[in-house]
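As a plain string of letters, each chain reads:
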Amino acid sequence: MREDREIRRKRKRRRKLINSIILLVLVICMGAFIVVKAVNSEEKLNPEVSQTAKNKTDKKKSDKKNEEVQKDDPNSLVKGSNHLKKADKYAYDAKTISQFIRPTKSDGYVKNTDTKKICFLTFDDGPNHKITPQILDILKEEKVPATFFEVGKHITPEVKDILERQLNEGHAIALHSYEHDYTKLYPGRVADASQVKKEAEMTQKNLQDVLGKDFKSSVWRYPGGHMSWKELKPADDALESLGVHWIDWNSLVGDAEPKSRRPTTVQGMVDFANESLTYQSEQDIVVVLCHDAPGKQLTVDSLSAIIKNFKDKGYEFGILK
Ligand SMILES: [Zn+2]
């Protein structure tokens with residue numbers, strides 16, 4: 001009897017234990033079910049929660065893609081330069097070209113050994129809405145690039161359209177002092193190095209304010225020309241310290257000459273350009289001085305003929321960087 005009771009008690013305990021285990025498993029399963037359900041309903045209620053995470057990943061992917069596109073975009077600026085990527089194939093270093101067109105060896109002349117004929121059309125004293133857009137129209141029509149030497153005080157948000165057009169249409173932008181005032185740049189005809197440096201920096205800044213921080217021009221032309229003033233070495237060195245190189249010209253259309261010898265016809269301007277080049281030792285590289293200041297309508301009217309003149313002589317066209 002006692003043994004029977006003992007066996008029954010043991011069975012009862014075992015059943016109790018089994019029941020407890022089953023109950024525990026059930027509780028765990030229910031718990032897990034509730035948690036999964038809750039997460040699902042959270043997503044249903046707030047689809048943006050999971051969507052935001054997805055969007056973040058997508059955005060990262062698309063940003064990366066945009067960056068890559070921008071890197072290859074021919075219409076983006078060559079970082080730290082004065083022209084777009086699509087213009088880079090015909091952009092030449094101003095420092096090198098400048099040495100080819102010096103009149104004498106004592107001036108740092110270097111002989112050009114390349115036989116390729118390249119013409120650099122350059123326009124000083126702009127930009128403005130009267131003449132510059134007309135020059136751009138003709139260059140576009142003739143499919144020829146040029147370099148524009150801008151005066152810093154003319155660079156304002158009002159000419160943003162012109163500057164952007166110059167870049168977008170494959171041209172280059174260069175520096176031509178801030179004030180274009182001979183008495184400030186060259187008091188007593190002697191170059192003031194600190195003034196030259198200051199005006200180069202101010203012009204660069206105005207251009208960057210309009211075109212962005214990636215823009216930088218390394219090309220400078222002295223108003224009146226390097227050839228016209230005295231003791232320029234300190235000013236040249238000051239420009240070099242900014243990574244900027246000066247360049248003159250070896251041909252000019254004569255549109256800023258004194259009235260007594262300034263051409264008054266289209267053919268007169270073409271002849272002036274050809275005649276002035278004959279006095280130079282370098283003939284295959286020609287840097288042509290023109291102006292796009294207000295009032296230079298004859299330059300506009302002559303431009304097609306000037307371009308044709310150099311095309312017929314077998315010149316390609318380049319820009320200065
Ligand atoms: Zn000038």
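Coordinates for the structure precede this section.
Residues numbered from 1 in each chain as written. Predicted model: local features only at pLDDT ≥ 70, side-chain atom pairs only at ≥ 80, totals over all residues. Heavy atoms only, no water.

Asks: Tell me about the packing of helix α9 (residues 266-278) against helix α10 (residues 297-312), residues and numbers included.
Replies: Between α9 and α10, the shortest axis-to-axis distance is 8 Å and the interhelical angle comes to 50°. Classified by the interaxial angle, the pair formed by α9 and α10 is oblique. As α9 runs across α10, the sense of the crossing is right-handed. Every residue of α10 that contacts α9 at Val266, Met269, Val270, Ala273 and Asn274 is listed here: Leu298, Thr299, Asp301, Ser302, Ala305, Ile306, Asn309 and Phe310. In the contact of α9 with α10, the residues fall into eight nonpolar, four polar and one charged. (Axes fitted to C-alpha atoms, helices over the stretch in contact; angles between N-to-C directions. Helix = DSSP H or I, 4+ residues; strand = E, 2+ residues; numbered from the N terminus. Parallel < 35°, antiparallel > 145°, perpendicular 65-115°, else oblique. Left-handed = near helix turned anticlockwise from the far one by under 90°. Contact = heavy atoms within 4.5 Å. Nonpolar A, V, L, I, M, F, W, Y, C, P; charged D, E, K, R; others polar.)

Asks: Requested: an account of a positive patch on the surface, with residues and values cited.
Replies: Residues Lys10, Arg11, Lys12, Arg13, Arg14, Arg15 and Lys16 make up a contiguous surface patch of positive charge. Among the structural elements, arginine 13 can be located in helix α1 (residues 2-45). Using a relative accessible area of 53% as the deciding quantity, one classes arginine 13 as exposed. (Patch = residues over 30% accessible without salt bridge, like charges linked within 9 Å, V, L, I, M, F, W, Y side chains within 5 Å. Areas by Shrake-Rupley, 256 points an atom, 1.4 Å probe, with all protein chains shown as cover. Salt bridge = Lys/Arg side-chain N within 4 Å of Asp/Glu carboxyl O. Lys, Arg positive; Asp, Glu negative; His and termini not counted. Charge placed at Lys NZ, Arg CZ, Asp CG, Glu CD. Buried < 20%, exposed > 50% of the residue type's maximum accessible area, 1.4 Å probe, protein only.)

Asks: Help me get a handle on the pairing of strand β3 (residues 146-150), residues and values and all.
Replies: With respect to burial, β3 is a largely interior element, five of its five residues being buried. Where burial is concerned, the two faces of β3 agree: the one with Ala146, Phe148 and Glu150 and the one with Thr147 and Phe149 are both buried. Relative to β3, strand β2 (residues 118-126) is paired through five bridges, and the arrangement is parallel. Looking across to β3, one finds that leucine 121 is bridged to alanine 146. (Pairing = 2+ DSSP bridges.)

Asks: Any details on the coordination of the zinc ion? Residues and values, ideally.
Replies: The protein atoms donating to the zinc ion are Asp125 (OD), His176 (NE2) and His180 (NE2), with metal-donor distances spanning 2.1 to 2.2 Å. Taken in sequence order, the residues that donate to the zinc ion follow the motif D-x50-H-x3-H. A residue pair is termed long-range when its members are at least 10 positions apart, and aspartate 125 in strand β2 and histidine 176 in the loop between β4 (172-175) and α6 (182-185) qualify at 51 residues. When its relative accessible area of 2% is taken as the criterion, histidine 176 is described as buried. (Donors = N, O, S within 2.8 Å, 3.2 Å for Na, K, Ca; no water.)

Asks: How would you explain the layout of surface pockets if you had to name every residue and give the values?
Replies: Here the largest pocket defines a volume of roughly 360 Å³. Every residue lining the largest pocket is counted, 20 residues in all, and those nearest its centre are Tyr182, Gly224, Ala256, Leu289 and His291. For the lining of the largest pocket, the secondary structure elements donating two or more residues are β2 and β8 (285-291). Tallied by class, residues from the lining of the largest pocket come to eight nonpolar, six polar and six charged. (1 Å grid on protein atoms, 1.4 Å probe; cavity = no way out; pocket = protein on both sides within 12 Å on 5 of 7 lines; lining within 4 Å. Points joined across faces, edges and corners; volume = space filled by probe spheres on them.)

Asks: Lay out the packing of aromatic side chains with the relevant residues and their values.
Replies: Tallied over the full model, the rule gives eight aromatic pairs. Ring centres of tyrosine 186 and tryptophan 229 lie 4.0 Å apart, and the angle between their planes is 10°; this geometry places the pair in the stacked category. With a gap of 43 residues between them, tyrosine 186 in the loop between α6 and α7 (193-211) and tryptophan 229 in the loop between β5 (219-220) and α8 (233-241) connect regions that are remote in the sequence. By relative accessible area, tyrosine 186 is classed as buried at 2%. An aromatic cluster of three or more residues is present, and its members are Tyr182, Tyr186, Trp220, Tyr222 and Trp229. (Phe/Tyr/Trp six-rings, centres within 6.5 Å; stacked < 30°, edge-to-face > 60°.)

Everything listed here is a matter of coordinates, which is why it stays silent on function.
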